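# A closer look at the structure
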Amino acid sequence: MTAGGKPLRVLMVIWAYPPEFTGAGRQSATLAAGLSAQGVRVQVLCSHEGREDAAERDGPVEVFRLGVGASDVARLRRFGRRAFAWMIAHRRDYDIVHVHGVSPAAYAAAVAARLLGKPSLLKLTLLGDDDPLTVSRTRLGGLKLRALGLMRGVVAISTGLRDAVAASPLAGVRVWQAPNAVDGRRFAPPCAEEREAARRRVLDALGLPANALLTAFIGGIERRKGVDLLAEAWPRVRAAVPEAHLLLMGPLDHATADPSFRPMLEKRLAEAGAADAVHFLGHCPEPERWLRGADLFTLPSRGEGFGSAVVEAEMTGLPVVVAELPGITEDVMVPGTTGLVVPQDDAQALAEALTALLRDSAQRQAMGAAAAAWTRDRFSLERVVAAYLKIYGELLD
């Protein structure tokens, strides 16, 4: 794709980019790689905790990390100011501004892009947090929406986010709906022999017996992701299925997590006699290695923008157990076909659903096969990249 006869240049603006762990960051990196493969020059402008700026390459993607200092409440605003200055100084280096998530940097990028006459696009990432309806209800919400209104358009990654835009004061802005992408090469379903080999590697790494049944989770170890519900449910699961083990993949020091949260979980599990059946694996840069060796996936989250981890697990061939999130759940799975849905904040229902699938290998295999087939084309990187190239083309017209 070209702009003015030259390869299209896209500047992505995001607060956190890998190796820092966030769902939005993982998704931006996947999309950036896919766009680069289609000849788009992608630059990423993000923050980091140092004082000095840094520049590096993530494959073909150019990454510029602006130093904002250690954790404090002012660093988000600091990044916004610094991102604005960077965009002005490097205005000849990009054609389109693509912002991931609402933050002070998003407001700054919207203003800078409008001043420079460059088309800008906002990708919404978390329903109930950065959607315009929620933003309108925050302090200075009207002013924030005026800044976001300077964007040429918005991408909603789920039906829930699209509906939130329609119900907000930004209802007149142009909206596209495009899901998050999953790299089908990384998360391809393994054949029986490959799955058995992956299973043995996981069991050996954790020192577990051959008959262990493994349920995987990917996400920050925090309340929003429902990890406390898993800690409450798991002793009940273990009582019904003694060979059940839970693999928690996610950073233990997630930026938004309460530092007392994990100790509380460990205390609860120890008191219930289930601590040896729950494994805190930390951030796993290659979660597909663990998913290929698992039997089941769960995400009892209280809030998402899309639920990419669910799709990754499904694409790998795992059935899923998720908490119901209106406007999101049906976008990422087929209840009763690719997995089971339980009410939010219901540890008993969660335990029962997990137990039912762990006890029924035939149903797990059927749902896993259906999940892999259903996700393969809907969320492929190629399909999502094509959707964004079309959006970029419309922005440039």
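In this report, we go over the structure that sits alongside the text.

So, how was this worked out
- Residues numbered from 1 in each chain as written.
- Predicted model: local features only at pLDDT ≥ 70, side-chain atom pairs only at ≥ 80, totals over all residues.
- Heavy atoms only, no water.
- 1 Å grid on protein atoms, 1.4 Å probe; cavity = no way out; pocket = protein on both sides within 12 Å on 5 of 7 lines; lining within 4 Å.
- Points joined across faces, edges and corners; volume = space filled by probe spheres on them.
- Helix = DSSP H or I, 4+ residues; strand = E, 2+ residues; numbered from the N terminus.
- Nonpolar A, V, L, I, M, F, W, Y, C, P; charged D, E, K, R; others polar.
- Core = buried A, V, L, I, M, F, W, Y, C linked by side-chain atoms within 4.5 Å.
- Buried < 20%, exposed > 50% of the residue type's maximum accessible area, 1.4 Å probe, protein only.
- Contact = heavy atoms within 4.5 Å.
- Salt bridge = Lys/Arg side-chain N within 4 Å of Asp/Glu carboxyl O.

A few words now on empty space enclosed by the protein. Scanning all chains against the criterion turns up one cavity of 30 Å³ or more. Taken as a whole, the largest cavity holds about 90 Å³ of empty space. In terms of lining, the largest cavity is formed by Leu299, Ser301, Glu304, Phe306, Gly307, Val310, Val322, Ala323, Leu325, Ile328, Thr329 and Val332. Of all the elements in the fold, those that place two or more residues in the lining of the largest cavity are strand S15 (320-323) and helix H12 (329-332). The class makeup of the residues in the lining of the largest cavity is eight nonpolar, three polar and one charged.

What follows concerns the nonpolar core. Counting 100 residues, the largest nonpolar core has Leu45, Met87, Trp234, Leu248, Leu291 and Phe297 as its most contacted members. When residues in this core are grouped by element, the largest group, eight residues, is from helix H13 (residues 347-358). Excluding its chain neighbours within four sequence positions, the residues that come into contact with Trp234 are Thr215, Ala244, His245, Leu246, Ala277, Val278, Leu354 and Leu358. Formed by 30 residues, the second largest nonpolar core is a distinct cluster that contains Ala3, Leu121, Ala178 and Leu395.

Here the structure, examined in full by the defined rule, presents 22 salt bridges. Between Arg26 and Glu312 there is a salt bridge, with its nearest N and O atoms 2.8 Å apart. With Arg26 in helix H1 (residues 23-37) and Glu312 in helix H11 (residues 308-315), this pair connects stretches of sequence that are 286 residues apart. Looking at Arg26, the relative accessible area reads 21%, which means it is partly exposed.

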